[in-house]
Amino acid sequence: MIRKELSPVWVPGPLIIGAGPSGLAVCACLKKRGVPSLILEKDDCLASLWKLKTYDRLRLHLPKMFCELPYMNFPSDFPAYPTKQQFISYLEDYAKRFSIEPMFGQEVRWAKYDRSLGLWEVEANESKFLCRWIVVATGENAEPVVPEIASMSNFGGRLMHTSVYKNGVDFRGSKVLVVGSGNSGMEVSLDLCNSGAQVSLVVRDKGELHILPREIFGISTFALSMKLLKWFPVCLVDRFLLLCSRMILGDTGKIGIKRPEFGPFHLKNTTGKTPVLDVGAVAKIRSREVKVVCGIRRFTAKGVEFVNGEVDDFDSVILATGYRTNVASWLKDGNFFSQKDGYPKNPFPNNWKGEDGVYSVGFTRRGLFGASFDAQRVAEDIARQWKSQTKHLHLDL
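These lines cover the structure that appears in this document, whether it is placed above or below.

Calculation criteria
- Residues numbered from 1 in each chain as written.
- Predicted model: local features only at pLDDT ≥ 70, side-chain atom pairs only at ≥ 80, totals over all residues.
- Heavy atoms only, no water.
- Buried < 20%, exposed > 50% of the residue type's maximum accessible area, 1.4 Å probe, protein only.
- Helix = DSSP H or I, 4+ residues; strand = E, 2+ residues; numbered from the N terminus.
- Pairing = 2+ DSSP bridges.
- Axes fitted to C-alpha atoms, helices over the stretch in contact; angles between N-to-C directions.
- Left-handed = near helix turned anticlockwise from the far one by under 90°.
- Contact = heavy atoms within 4.5 Å.
- Nonpolar A, V, L, I, M, F, W, Y, C, P; charged D, E, K, R; others polar.

### Brief notes about the pairing of strand E5 (residues 119-124)
Then comes step 1: Counting buried positions over the 6 residues of E5 gives 6, a clear majority of the element.
Then comes step 2: Residue alternation in E5 divides its side chains into two sets, Leu119, Glu121 and Glu123 and Trp120, Val122 and Ala124, and both sets are buried.
Then comes step 3: Note that strand E4 (residues 108-114) and E5 share 6 bridges and pair antiparallel. Residue pairing across strands places tryptophan 110 opposite glutamate 123, the latter belonging to E5.
Then comes step 4: The loop that links E4 with its antiparallel partner E5 comprises 4 residues; one of these, glycine 118, has a positive phi angle of about 70°.
Then comes step 5: Inspection of the sheet shows E5 paired to strand E6 (residues 127-131) by 5 bridges, in the antiparallel sense. Bridging from a neighbouring strand, valine 122 pairs with phenylalanine 129 of E6.
Then comes step 6: Where E5 folds back onto E6 in an antiparallel hairpin, the turn is made up of 2 residues, including asparagine 125, whose phi is positive at roughly 50°.

### Considerations on the sheet that holds strand E18 (residues 303-306)
Then comes step 1: Reading across the sheet, the 3 strands line up as E17-E18-E19 and stay open at both edges, with antiparallel pairing between neighbours. Unpaired on one side and paired on the other, strand E17 (296-299) and strand E19 (311-313) mark the two borders of the sheet. Ignoring which end each strand starts from, the neighbouring axes of this sheet average 25° apart.
Then comes step 2: Strand direction decides the pairing type here: E17 and E18, joined by 3 bridges, are antiparallel. In the strand pairing of E18, isoleucine 296 is matched with phenylalanine 306.

### Regarding the packing of helix H5 (residues 221-229) against helix H6 (residues 234-249)
Then comes step 1: For the pair H5 and H6, interaxial distance at closest approach is 10 Å and the crossing angle is 150°. The hand of the H5/H6 crossing is right-handed. Counting all contacts with H5, which are made through Thr221, Leu224, Ser225, Leu228 and Leu229, the residues of H6 involved are Val234, Val237, Phe240 and Leu241.
Then comes step 2: Taken together, the residues that form the contact of H5 with H6 break down as 7 nonpolar, 2 polar and no charged.

Below, the structure written as structure tokens:
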């Protein structure tokens, strides 16, 4: 069947792809500067990752002061670490305050710059858009990462990614293997353990992992680190954090989790790998309620064979293997985003602007704080061009 040619819709301001926190933030910042915009969202709701693909016990990992979007604080009665539902309600209130109304159910197929027109063409479902500016705000967690492990299809138990895991109620009394030891893997393991499951946790990368207490001396570890980094080099801050972690959490090497050669902030700055903030999983590992195991060589019909040759049976396997961006699959611009990892080629803080009117928000590897930083810079840059364009239009008239 011959496909009908779509009539393009002109968008006078920037077209924003994604209605998560990043998209909402840049839209609000643009509105504050008098610039209209349009958000396209593939799902039928805003903040779909938070609403549809997160587990029930999830809280913000950082204090709320570091997670606020521009021009709106969290309610004063929210705890220091808001729950998933509290954060969702905050985002919904944010959209209402700034009268943000995304076009839902609009999954972008492709976006490319037409040099003859000097405009971006964007096709989404049965619609086509033309605009001068495009803002990529689909985020670092657009698609679940499902690793390729030998004989995975042979496993006869329950296999799922954390994007569909909600809570441990249905796993009570069962034997569960959690693959991945980042924040999600640790929290899901804790949740399963508290629900009465028998939990094993895969720690890969030679068993090396930085785990830090969420708070030190009653102060957020992140907040304390940010203050220290203003005065001291990364190496000294890392040494301080590791000393405090050993005092509070003990020697994690004794529970099968070795510290990497380099410190947590050094690794964060050089590789983007985020340290785990402990919310109780270390105590469960220390008490052997959660068992640390090595990487998987292959699946069996009833469980897995580990790389050390040991074999064990499991009722369920939960993949806490993270997410990745999907920008490279639809943005037809090889200069701004890397085809390899899906991030802007220029590292933070120069990651937010490309050529020909393309921008990014939320690809800093610095969470909501980084997204808000991006949103302000992008809005300022577009607003400057918008005002110049409007001024020239008035002069022509």
